[in-house]
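# Survey of secondary and tertiary structure
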Amino acid sequence: MSHRPARRTRTAVAALAAASVLALTACGGPSVGATSSGDSSPDASADVDWSQVEPAKEITWWSNHPGQSQELEQQLIDDFTEETGIEVDLVTAGADYDEVAQRFQAASQTDELPDLVIASDVWWFRYHLNDQIMPVDDVMEFLDADAEDFQPALYADYEYDDQHWAVPYARSTPLFYYNKDLWEAAGLPDRGPQTWDELVEWDAKVKPEVPKGGSTFGLSTGPSWGAWWFENMIWGHDGAYSDGFDLTLDTPEAIAGGEFVRDLFHGSGVATLSADDAMADFSSGLIASTVGSTGSLKGALDAASFEVGTAYLPDGPKGGGTPTGGTGLAIPSSRTPEQQLAAAMFLEFLTNTENTATFSQATGYMPVRTSAVESDAMKKTYEQTPQFRTAVDQLADKARVQDDVRVFVPGADALLNEALEQIVIEDADPKTAFKAIAPRIETAYTENVEPYL
Amino acid sequence: MSAATLPRPAVAARPARRRSPQLGGSLAGYATMLFATVVLGLPLVWLLLASLKTPEELYQVPLQWLPGSPSLDNYAQAAGAIPLGRLLANSIGLTVVGAGLKVALGLACAYALVFLDFPFKKLVFGLVIATLMIPPQITIIPNYTLVASIGWLNTYQGILVPGLASAFGTFLFRQHFLTLPASVLEAAELDGAGHWRRLWKFVVPMSTPTLAAVALVSVVTEWNDYLWPFLVVDHADKMTLPVGLTLLQNTDGMSNWGVLLAATVVVTLPILLVFLILQRRLVAGLTAGAVTG
Amino acid sequence: MTTVVTPRPSGLPDAPSARAGTPPAGPPPATRTRSRLGARRRRKALLWALLLAGPNVLLIVVFVYRPLLQSLYLSTLQWNLGSPSARFVGLGNYVEWFTAPTTGRVVGTTLVFTVATVGGAMVLGLGLALLLNRRLRGRGVARTVAFAPYVLSGFAVGILWLFMFDPRYGLVQELLGWVGLESPAWYTARPWPLVMVIVVYLWKNLGYVALIYLAGLQAVPQDLRDAAALDGASSARTLRSIVLPLLTPTTFFLLVTMMLSSLQSFDIIKAMTQGGPLGSTTTLMYSIYEESFVGGRAGYASAVATVLFLVLLAVTAVQMRYVQRKVHYA
């Protein structure tokens, strides 16, 4: 009944439609073919003469406000704008480091990039591999930023290929938090346990003091978290995630570390897994001790109704050590030199002696400059609230560079956390758990790291 | 089996009320209904109550039911942390415009599919309906790169346009149009009324329940849309309410339930009110899709 | 007089009723006039079609089909989201997915989730609808309350229930305590996180199912029920032999839509468990998000998305063919 137009017209229309759709398909997306971008790195910034560049008047900063620092960050921005006239748009680009990084990845094919971005310990290298950030040495030197003053361990974390790819901002170590009131009630000395074995010993005394449903020690797991504090335990048994890029999860030492944490949860029962946030449980008095970031210190001091004690992470039978963590700040490489310069100026401002001290006082994160640690402001803080000092001291005494695999292989941290959760939640055999993730980490390495090196 | 072929029973009158022998059944029925209502409604009440509590009251064991002294402190904090007013305005604006456009698009498309004759019609209809089966996850990354490459990130049109195409609406409208008495439209055509007039003077007035349903479903979807606006916008001044909820979550530290729940109330309340006022229309239209009467 | 018919989603020919009322063919006018009139009418119709349906179709092509095709293309690449370059691997991503050790878990979780949510919603929804169909007082209120969760944001609902399920401070553990039960570790001990997510999903969608069924029930003629009652049939028998068969179109509709919706579920899982712990709440849909945005493997994620899409196609096709045969038309 319906009159069909001529066959030719129909075919023509169909062909046109199909062609246009296919053409549109080409919009966006990556260019296929090139696998190694090693030699062709668009390092325009290396050749930039910063003295000829006029800084941009407006920049964007992507942050997740570590340590609940949103207000403080805004305050620092206002101070900076007053001083230089450069406006900074503070954007909450995610709830945590992972979200900001994911958003940054998604935006990197586009123009909507920030001028300054949070670069955490497990993400900055991926940014670098994708040529998304620029090295900061030159511009920092131009600004007389005194890079020597940065805490060496913290700044060195971002070094690769003889260049630094980010600047420390909100840096932390994990701390052993303990409830001083409960400790006292249990008749324990006012300090953290020297070794994990000592904590297990003390459990008998602490347990009776803990409210119902609580425990002597609590932990939580999760990406960008579990595999971080676990490093200390595995190091304590003379094990490690990797030696360089070679996975060492099948060594007896690593497995011993796994067995230890398994026993902590399922054997001696000293530890319980916090449903959501171990720090919340700690501050509410439910668990007597935990491992938390020093960045949570201020929050804990405010929320707890008891006295909060902090200590180094305990040693294992074969020694110990602490990883560092937290986040630094990086400058995307695809921005204009004007924007990059303005961003670098702000970066320098944020991390100068006075401001890093202020930041530390408001959150608990470590001051990133040696001069700040020794400044009068911080000295006063340390006198009044010595807990702030613990991380700084621990950094000096026991800091150890994180195992390469966790920091340099994309997705490895999440996989390590997965194995940890198998052990802690499911009471899995560490050998099996590690074995399950090892090939996946290998794949991630060969796919995402090796071709780009 | 046709209902029309059954003879009417001799007893025509239906009892208005169940009598005593059925009272036991009624009691069980009331009890179950009460239980279902509580299960389905209590969480919302709980949400409201919790948003008025202080942190001490929230993190208390045993549970405290009512807030000791209900305070809007959580709301104030939420408004301080994120620009609630702006988020609300964005949500309302985008929802109204988005839903309106979706309705218009669905209406027009369905009219063409039912009342017009053109080549590839079946294909077009199939194409439109098939999109109901395409999971959003498969289109998100390519759409994102497209939107970004035309500079639509952090813009209202970037949030709105990619989701604007109407499939469900087209479908509902089409189902409804198929039931419209063709005689009326034929008469109008013979009287010289063009398609435009026919659409607005006849078809639309005869479709108000479906119109209301599609509008309401679109409103609900637009308001609650989460993943896409989250990806496209990172400046708080262009965000919608559900995305703003994420702004409040903070994992490096401690999550403040009171504030988060207060924000959840703000996200939930407007749509709930719209629903309560217009539910009959919404229900009628939605069920029309499944059952034609 | 009411009839219960199914909607006809896709690919089926136009219902004959659309053509009902076409004037009977009279003697045809002269051929030349007819074809000229016809040509003009055709062009006019085409123009109107372009104007009315064009925008919608254009949007669909650009924002649904184009990305679908591009996604198929991306699925043949190894692309680290964020990198300007990618590597062609053909079907490599698909092979990897089919042989990956985690795939079995994801598929299993998806199956459990889908069966539990769809089956549970249908059964409970029908029950609630039967209840609401009775002339009990206050059923209007009950109906409103039942349907309210459906209109809420999935993400917001997830947040709320996460709070309620808190093993220490949550409402759920309190209520369980009233009946003497201890709250399991909802967030961490398998299989409870999956149970938790399923419960929330059911809560959110139950009212919708109930309402659709209610409409279907109200289309069941009272005469039939009365006749059956007169004949001495118990309400259970009436239910089984009369009501349920008459409801098959509605059941079919719900089965299709609920299954599609369940397989695409995301917001609730994102808000509550983020796929964990240990991937126990990672459905196929969630794994796509994870692979692309967390793992950064956009090419691989596109391949998984394609698999999901094909599954949806298959499921719907099977339902169309097989189940529809069982549908009773009044």
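Source: prediction; values computed, not measured.

### Digging into the interface of chain C and chain A
On the chain A side, the residues contacting the 38 residues of chain C number 39 residues. Here chain C meets chain A over a buried area of about 3400 Å², counting both sides, of which 57% is carbon and sulfur. Counting the contacts that link chain C with chain A gives 3 salt bridges. Between Arg297 of chain C and Glu447 of chain A there is a salt bridge, and its shortest N-O distance comes to 3.0 Å. Where chain C packs against chain A, one counts 3 residue pairs in polar contact (both at pLDDT 80 or more). Within the residue set of the side of chain C that touches chain A, elements represented by two or more residues are helix 2 (31-74), strand 1 (77-78), strand 2 (85-88), helix 4 (101-133) and helix 12 (284-294) of chain C.

### Examining the side chain of Thr356 of chain A
Residues and elements named next belong to chain A. You can see Thr356 is positioned in helix 14 (residues 353-363). Overall, the relative accessible area of 3% leaves Thr356 in the buried class. For Thr356, the side chain forms a polar contact with the main-chain nitrogen of Val368, separated by 3.0 Å. What Thr356 contacts, discounting residues up to four positions off in sequence, is Leu350, Thr351, Met366, Pro367, Val368, Arg369 and Ala372.

### So, the sheet that holds strand 8 (residues 174-179) of chain A
Residue and element names in this part refer to chain A. If you walk across this open sheet you meet the 5 strands as 12-9-13-8-14, and the pairing is mixed. Edge positions in the sheet fall to strand 12 (271-273) and strand 14 (308-311), since each of these pairs with one other strand and no more. Looking at each pair of strands side by side, their axes are set apart by 30° on average, direction ignored.

### Overview of the pairing of strand 4 (residues 116-120) of chain A
Residues and elements named next belong to chain A. Along strand 4, 5 of the 5 residues are buried, which leaves the element largely enclosed by surrounding structure. The alternating pattern of strand 4 places Leu116, Ile118 and Ser120 and Val117 and Ala119 on opposite faces, both of which are buried. With 2 bridges connecting them, strand 2 (residues 58-63) and strand 4 associate as parallel partners. The residue bridging Trp61 from the neighbouring strand is Leu116, located in strand 4. Here strand 4 pairs with strand 15 (residues 325-330) via 4 bridges, running antiparallel. Note that in strand 15 the partner of Ala119 across the bridge is Gly328.

### Let's talk about helix 3 (residues 92-99) of chain C
Residues and elements named next belong to chain C. Those residues of helix 3 lying buried are Asn93, Tyr94 and Trp97. In a view along the axis of helix 3, the buried residues occupy a sector of 100°, so they form one face of it. Away from the buried face of helix 3 by more than 90 degrees, exposed residues Val95 and Thr99 are located.

### So, a nonpolar patch on the surface
On the surface, a nonpolar cluster with roughly 630 Å² of combined accessible area is contributed by Trp65 and Leu66 of chain B together with Leu175, Trp178, Val179 and Leu181 of chain C. For Val179 of chain C, the position within the fold is in the loop between helix 7 (171-178) and helix 8 (192-218). Classification of Val179 of chain C as exposed rests on a relative accessible area of 60%.

Each value, and the rule that gives it
- Residue numbers here run from 1 along each chain, matching the order of that chain's written sequence.
- Following the order in which they are written, the chains are lettered starting with A and the ligands numbered starting with 1.
- Residue-level local features of this predicted model are given only where pLDDT is at least 70; pairs of side-chain atoms are given and counted only at 80 or more, and the full residue set underlies all totals for whole chains, interfaces and linings.
- Side-chain metrics in this entry use all non-hydrogen atoms of the structure; hydrogen atoms and water are not considered.
- We call two residues contacting when some pair of their heavy atoms lies within 4.5 Å.
- When two parts are put together, the accessible area they lose, computed with a 1.4 Å probe and summed over both, is reported as buried area.
- Every case where a carboxyl oxygen of Asp or Glu lies within 4 Å of a side-chain nitrogen of Lys or Arg is listed as a salt bridge.
- Between N or O atoms, a polar contact is any pair within 3.5 Å; within protein, one atom must be a potential hydrogen donor and the other a potential acceptor, and residues adjacent in sequence are included only when both atoms are from side chains.
- Starting at the N terminus, helices and strands are each numbered in turn, a helix being any DSSP run of H or I of at least four residues and a strand any DSSP run of E of at least two.
- To sort residues, take the accessible area from a 1.4 Å probe on protein chains only and compare it with the maximum for the residue type: under 20% means buried, over 50% means exposed, and anything in between is partly exposed.
- Note on pairing: two strands pair once DSSP finds at least 2 bridges between them.
- For helices, the fitted axis covers only the stretch in contact; all axes are lines through C-alpha atoms, and the angles between them, taken along N-to-C directions, range from 0 to 180 degrees.
- Think of it as the arc spanned by the lines of direction from the helix axis to the C-beta atoms.
- Residues qualify for a patch when their relative accessible area is over 30% and they have no salt bridge, like charges being joined within 9 Å and the nonpolar side chains of Val, Leu, Ile, Met, Phe, Trp and Tyr within 5 Å.
- Computed with a 1.4 Å probe, the accessible areas rest on the Shrake-Rupley method; for each residue, only the protein chains presented here act as cover.

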